Each structure stands twice: as C-alpha cells, then as structure tokens.
Amino acid sequence: VEADVAASALSGAAQRVAGDRIALTATVARDADGAIAVSPLSLNSGPLAAEGSVELAGETLAASLKGALADIGRLATGATGAITFAVEAKGTALAPDVTLSVAADRIEAANRAITGLELTASGAVDPVSPAARVTLKGEVAGHALAGSAELKTTGGRRVVDGLALSLGRNRIAGALVLDDAFVPDGTIDFAFPDLGPLAALAFETAEGEAEGTVRFFSKDGVPELAIRATAAAVARGDISARDLAIGGTVSDWLGDPVVSGRVEAASVKAGGAAIDGIDVKLTRAGEWTGFNGGATVNGTPARAAGRLKVEGGRTTVELASASATVSRISASLARPGIVVVEGGSAMLGDLALSVGGGSVTVSGTAGSDLALDVRFSGLPASMANAFYAGLGAAGSLSGTARVTGKASRPTVGYRIDWTGAQTAQTRDAGFGAMLIRSTGTYAGDVLEFTADVGDGSGLGMQGGGKVRLGGPASLDLAVSGKVPFSFLTRRLAAQGLALTGGADVSLMVKGAALAPIVAGSVRASGGRFVDSGSGIAITDLAADIAVGGGRATVRSLNGNLSTGGSVSASGTVGIDAGSGFPADLVLRIVDGRYTDGRIVTATLDGDLTLKGPLVSAPALAGTVNLGRTVITIPERLPGSLATLGIQHRNASKAVISQQEALSPAAAGGGGGGLNLDVTVNAPQQIFVQGRGLDAELGGTLRLTGSAAAPQAVGRFTMRRGRLSLLGRRLDFTSGTLGFSGSLVPYLDLAAAATVSDSTVSILVTGPATDPKFSFSSMPSLPEDEVLARLVFGRSMSKLSPLQIAQLAEAAAQIAGVGGPTSLIETLRSKTGIDDLDVKTDAEGNAAVSAGKYLNDRTYVTIEKGEKAGSGKATIDLDVGRGVKLRGEAGEDGKAKGGIFFEKEY
C-alpha cells in the first residue's frame, strides 16, 4: 500500500506537525487462518518520521511504532529541539498492555534549556479495570525534574495515588478517586515559588509565584470544585497581576458552571489596560451566579452588579446596575439590561446608558461580526474637552449610528445634529453658536459625509466629501454657502474697524491632510467698511476672488468712499498661514475725498502697492497726489476740560503689564503693523485756515516708518499766506508744514511787519490742532505791547477801553479760547471761493479781493477798492519747471505782465 496525502486534508493538530504532504507505505499480508500482518509500516512528512509493524491474530494484538519529530517548534511556537518516541501494545485487542516512551536530549523553550527529558507510561487499557503508571525525569535550567503518578483499580474503585511533581522548589501533590465517568474526587495542593521553570516545561514564558489548593467533590450528584489561590506577583507576556487572591466554588464545572466566591487583586495589567483595586463578590443562587464589585480601569472607576447564567454554551448576563467615570464624565446604566453571549457573539437588547447628562441606547449583536444600532440624545459636546486639550467644545449632540461588518474593519453609518455648536477655534474666529447637521459613512478607513452649518447671523454652508484616514490622511471635500462678515466684528472692533455684509464662498479641498490644495472662489457685494480712527468709510464693497495654487487672486475689489471717490484693488494673497499670508496687491484711489473729522479735509488720487506678510509687517508704497486740501485750525479749545497729570503709584506687576499692553511705546520710524514708503505730491492748494490765519502751501514729502509712528522726509512750503487781526493784515514771509511722529500736520510759519519805530515778528508753530502764536519785536517789547502796536499802531497806554477789549478778543482768537468772529471766513465758505480778503493800505484805503483755482495750473484773483477805478484782475499761470506767468488788468485801463521763476532748495 502506498499513499500520498495533502496535510491540509488532516485535522488541525496533525497539520501542525506534518509537512505539506504525508507519504505512507506498508506491506499488508493475510494468511489462511485470517491473521493480518502489516510489516514494514513507514510514515514520512516533513520533520515527522516513523516506522513499525502491526500483527493481529484473532483477539491477540502485537504492535510497535518508533519515530522522531525533528522540530519541536511545530508543537510549541518558539521552542527548538527534537524528540524521539516509541509505542508498544500487546495482549487482547480490547484491553492491551501499552507502553509509551518520549525522550529528548535538549530542548530550548522560554529561554530555558530542558535536558535529559524522559517520559514513560505503561499500563492496561481496560475500561473496566484501568491501570497505569507514569514517570517523568530530566532537568530544566539546572533544576531537577521528577514526577510520578499511579492509577489503580481495586474492588471497582479507581484511585490516582502518589500524584507528585517537583521542579526545583515547585511542588504539586495530591490524591484523587475517579468514578465510572472518571470525574475526580480529592485534593491537589500546589506551591510555586518560581513559576519560570515550570512554565518552560509547558513551552510557555511566565514569572512569579503562587500557591493554593484545588479540591474536587460532588454535591447532590453534581461535580464541584473549590479553589483557594494566592499570588504575590504573576506575569505572562503582557498580562501581569499583583496581590491576587481567589477563593470560591464552581458548581457543575464540567457542564454549565455556576461560581460563588470572591476575586481580589491590587492591580492587573493586560496590554494597554491597567486595572486597579479589583474586588468582585460572586454568589450562587440556583443556576445563577450573582456578581457585585468594582475596579479602576485606566484611571476610570467602575462598578457593576447583576447576575449571569451559563446554560448549554449560552451565557446570559442580567445587569442591575453599572457605572463608570471617565475623565470626570459619569456614565451609568439607565435601566436594567440583558446581554446574551453565545457562539462568540454578544447580543444586546436596548441597553440604555446615561452619559454626561445625555442618553445612549445600544442594541444588536457584537462579535467577530457587528450589527449594532446606537441612538444618542442630549450628549454634551463638552465631554470631548476631557480628551482634547484646548478644544473648548460646547453644545449638545443627538443622532443615530449603525455599525456593521467585521469587528476588525467595521462600517459605521451615522446621522448627527450638533446644536449650539462651538469650539475654542470657532469662538476665536468670531463665530457664535451654530447648528451642524451631518450624515455619513465610515468604511475601510474612509469617511464619506455631507454637512450643513448655520447660525443666527446668516451663516449657511453646505458641503461634504471624503476623508481617507488609512495611511497618509487625505481630503477630497467641497463646501459652498454664505459667510457673513459679522464673525469678524469682535476682532475688528478692537482695532476701531467695522465690516458689514457677507460673501458667497465656494471651495474645494483636495490632497494630503497636512498640505491640502485649496481652490475655489469668494464673491461679495454690498459690503461696508468703516475705520473709526481715520474716519474712512467705504460703501458698496464688491469683490471677486479666486482661490488656487496656494494663494487668493483678487480679480476685482471695488468700493466707494462715503466722502466721495472710489477705491479698487487687485493682486494676490497667499493662503498659507505658516508664511503669514503674503500679499502682493495694487491699490488705486480715484477722486477720493478724505476727512479726519477734526482738522483735515482733502481730495486725492493714489496708486499704491501692498506687499509682504499681512500678519506681521506688510509694506505700503506708492504715490498719493493731493488736490485741494484744507487744514482747519480749531477756533476754540474746550474751556471746561483740563489735562490731568495722573500717576499710578506702587502699581502691581499685573497693572504695569496691562498698561504696557494698552499703551505700547511709540515706534521710532520702523517696526509695528504697516510699514510705509509713500510719496505725497501736493504742488499747491494746501490751505491752512483758522484763527485769522490764511495760508497756502505746496510741495512733496515722503512718509516712511510704521503707520503707528510715520516719519516724514520733506515738507510742504509756503506759497502765499497772511494773518488777519482786527482788520490788520500781515503777509507771511516763510513757512513750512510737516509731520512729526503722527499724521497731524506740524506748522512752522513766520511773518514780519514794520510798525512805527519797531519791527514786529510773528511765529506760528506746533501741531495744527493747537498751534502756538508768539509775538516779538525789535527793540524788545512785552507781547501785549507788541500786539497793540501791531493792531492799532500805538502803545497800550494810548488805547481806548474799546480798543483794549478788541485787543483781548484778538488775543483770545489766536489762543483758541474764543470763538469764530471773522465774517470773511463765513463768506468764503458760503461762496466756495479759495481766497477772500479785505485789506487796508498805508493810507487807510480798504479793498476786497477774491481768489479761485480754475484748474491745477490757473489761479484768478479779482480785487476792488472803495475808490472809482481801483478794481483789477490778476491771472497766475503755472507753466511747469518753476516758471509762472502773471497778467494783470485794471479798471483804469492799465495792464501788466510778468514772468516769475521759483525753485525750492
């Protein structure tokens, strides 16, 4: 007989020791008397080889088999070495005498060497009167191994006597009586001060010590066992226990076991789980085992009470109560529930839990295959804050989930409503509480979902897509909807800014989650922007922005200045927050009108660029051309207010830090927010008016430094100007207008006049909001005397009371503590002309003149005196490069012409 069999056709145990195929050969003979002989018999399969013979003559059997297993690792993973074996059977076929021997010279297992191993067993295989004797000897890691046991049958009573096993200091001893079903009755004592060598004998790795007793007995015909065991420390693989104590009874331990007793342990660690303070009491109630106890699992205190029953391979667990606290989140069983375990699966019937004030209900089956339905309501989103620092989640969650598929790769379908949704990130971004609704499916490491997001301010976003979580995470998302600018209110308000309106957003996000590619568009119309600090308001804001390639391209951005004119922008802004949102924008102002609401009103055009990271120090550069600009010196300062000098003495560190944050030190020409490099052109038409002052300046300057502390290079110089006091007119001889650390103009004007025997000088210096007028004379006189001679041409001692009152009014006017008294200024503002003046010549003859710019190069002056024929008209024409043409024609028929050349140096 020859046979060749695939090992996969054999049982699992046989497959472990065999090769891929098994070859069997035998010679079988039968004689005339019916005796059968099989000899020789040979079996070969990978590391397994055996030879032998079998003879069967009538009821007499004689058989022998010898062989070897060359790789003991087939029986125990990690073990190395080889064993030999021999089996002989003689006697009657139904009750032969059998002898078995197993030997190994050296086996390596669990990092220990087993040498000289010999196992022998002999006896009669007789179901009625079995008998056997087993011996074991060898050495394990230098520890002597010895074991023996003997089975005897006397008067129908089967006794296992002399049961003993010793390995070093480890001992097992006892005696058992077996009934007809071979159910034991007796006691076995064990003491294992060193589990390592004993575990190696079973080809396992373990450490620790244990001792105890196992007692077998029967009660009302039902087999039971009682166990008492203690272990100071036990460890096997990633499982370890400390101060373990087990005491209890197991009824019907061969059938449907029922347990009573107590299990205690100071700590148990298994994998990543750390269980401390285990104390579980087990009670027997008929076929049920009651349990009540608790432990702390990974820092989470948990308790449970109920009962369980094992019947026909089916375990029923009735939970009466259960509770746990995870990261300060309490969870408890809302009502009694039932869990049935059968065939490796657990069946849950509407198991209701109360979690953090919300409710969760789970039903279905869980095992290698999942079919679970989960319903949850009112779960506080703040529970997630315990697991993700800085999340700051708020609101509540409700919805359903369906879990199916293999437990190793489940599929989850869900529907979630998150009401009052907020996180620290959305709050910092300025968004309020939102409603988020999402449905989706998670399967095969891919989350596919749709979501709607909205709030009371007009936010409305819809979108969805796929998120791949397996391996490098990737995104494939699309979102669109309306985003109101109101979410920026708080952040802008801190800077004195306001933005109203909203934008239509459409974006696609694709690629690696750590470096996604964003593309889409942002469109807005009807927006309004206000800067309360500068008084600038832009209405009818409209934008068309394309997003892609790592930047936002401003295709168009337009708006109207509320005071007149328009602004527009184009260019790009990088959308990478790590690079600070780098900008490259072109800005244009057309026919703009600016007023700071206090002293400056101007018309302007500008071509500017904004470049650099927006979040750190972008640079604003370009040219601004000023048209008509009026700087009005306040006629009157508040008389009821005074500057108070207040110092905070002994201030705490917190107050000092707050003060420094609220009032940082002024920058000195650089650093801070927006860096400037702007050229301001104003060849003329910069008018300074107020308190009797009427001057025109022009020129070019360059603003540099930071917007918080701009520095001016260059200044505007005097074109023409005068100072009027009670009808007395003084022409300025020189003057400049500049800036010093802010955008408030700084005046430095000078005028001189000869009065009788004195030369009078007037200086106007300081910020335009509150300039200082000073008067001096040669020879030197007091200021009131100088003012009297300037206005009335005589000394103070010769003034009438009315003249003194007029002089006081003039002093109050230039000091800014009076009110506007000039009829000339009123007429000029009403008629819209650029210059209106009433003057008196040396002979006391009065004349009125009015001036007006016809365009940027042409200035016309009309003058009329009180005498007949005293009227005249003058035209100034600026032809460029410092050359001006002037023509004059009078009522008396006379005409004049001239060429003038001016150069600034």
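Residue numbers here run from 1 along each chain, matching the order of that chain's written sequence. Owing to the predicted nature of the model, reporting of local features is limited to residues with pLDDT of at least 70; listing and counting of side-chain atom pairs is limited to 80 or more, with chain, interface and lining totals taken over all residues. Heavy atoms from the whole structure form the basis of all side-chain values; hydrogens and water molecules are not counted.

What to know about the overall build of the chain
At step 1: Helices and strands together make up the secondary structure of the chain, namely 8 helices and 55 strands.
At step 2: Each residue is assigned to one of three classes by its accessible area relative to the maximum for its type, calculated with a 1.4 Å probe on protein chains only: buried under 20%, partly exposed between the two thresholds, exposed over 50%. Counting the 905 residues in the chain, one finds 33% classified as buried.
At step 3: Accessible surface area values rest on a Shrake-Rupley calculation with a 1.4 Å probe, where residue burial reflects the displayed protein chains alone. In the form shown here, the chain has an accessible surface area of approximately 48700 Å², with 58% of it arising from carbon and sulfur atoms. Numbering of helices and strands runs from the N terminus; a helix is a DSSP stretch of H or I covering at least four residues, while a strand is a stretch of E covering at least two.

Brief notes about the pairing of strand 30 (residues 434-443)
At step 1: Sheet topology note: the strand 29 (residues 409-422)/strand 30 ladder contains 8 bridges and is antiparallel. Each bridged residue has a counterpart across the sheet, and for W418 the counterpart in strand 30 is I436.
At step 2: What makes two strands pair is DSSP finding at least two bridges between them. With 10 bridges connecting them, strand 30 and strand 31 (residues 446-455) associate as antiparallel partners. When the sheet's bridge partners are listed, Y442 is paired in strand 31 with L447.
At step 3: Here strand 30 hands over to strand 31 after 2 residues, with G444 in that stretch at a positive phi of 55°.

Section: the side chain of T874
At step 1: Counting through the fold element by element, T874 comes out in strand 53 (residues 872-880).
At step 2: Those residues in contact with T874 that sit more than four places away from it in its chain are Y859, V860, T861, R886, G887 and E888. Here, residues are in contact when the closest pair of their heavy atoms is within 4.5 Å.

Focus on the pattern of salt bridges
At step 1: Every case where a carboxyl oxygen of Asp or Glu lies within 4 Å of a side-chain nitrogen of Lys or Arg is listed as a salt bridge. Inspection of every chain in the model, using the stated rule, returns 32 salt bridges.
At step 2: Between D544 and R555 there is a salt bridge, with the nearest N and O atoms lying 2.9 Å from each other. Of the two residues, D544 is situated in strand 37 (residues 536-548) and R555 in strand 38 (residues 551-561); the sequence distance between them amounts to 11 residues.
At step 3: Under the relative-accessibility criterion, R555 is labelled partly exposed at 45%.
At step 4: Two residues, R886 and D876, come together in a salt bridge whose shortest N-O distance is 2.6 Å. Highlighted residues: R886 in strand 54 (residues 883-890) and D876 in strand 53, separated in sequence by 10 residues.
At step 5: One network of salt bridges, in which partners are shared, links E696, R720, D876 and R886.

Quick word on the pairing of strand 23 (residues 329-333)
Regular strands show a simple pattern: their side chains alternate between the two faces of the sheet.
At step 1: With 4 bridges connecting them, strand 22 (residues 314-326) and strand 23 associate as antiparallel partners. From the neighbouring strand, S323 faces strand 23, where its bridge partner is S332.
At step 2: Hairpin connection between strand 22 and strand 23: a loop of 2 residues separates the two successive antiparallel strands, and S327 in this loop has a positive phi of roughly 50°.
At step 3: Sheet analysis places strand 23 next to strand 25 (residues 345-355), joined by 3 bridges and oriented antiparallel. Within strand 25, the residue paired with A331 across the bridge is V355.

Section: the environment of A164
At step 1: Locating A164 in the fold gives a position in strand 12 (residues 157-167).
At step 2: For the pair formed by A164 and A146, sequence separation is 18 residues and the distance between their alpha carbons is 8.2 Å.
At step 3: With near-sequence residues (within four places) excluded, A164 lies in contact with A146, G147, S148 and I172.

So, helix 6 (residues 783-792)
At step 1: Of all 10 residues making up helix 6, 8 are buried, and the element is well covered by its neighbours.
At step 2: E785, V786, L787, A788, R789, L790, V791 and F792 are the residues of helix 6 that are buried.
At step 3: At the C-terminal side of helix 6, G793 shows a positive phi close to 70°.

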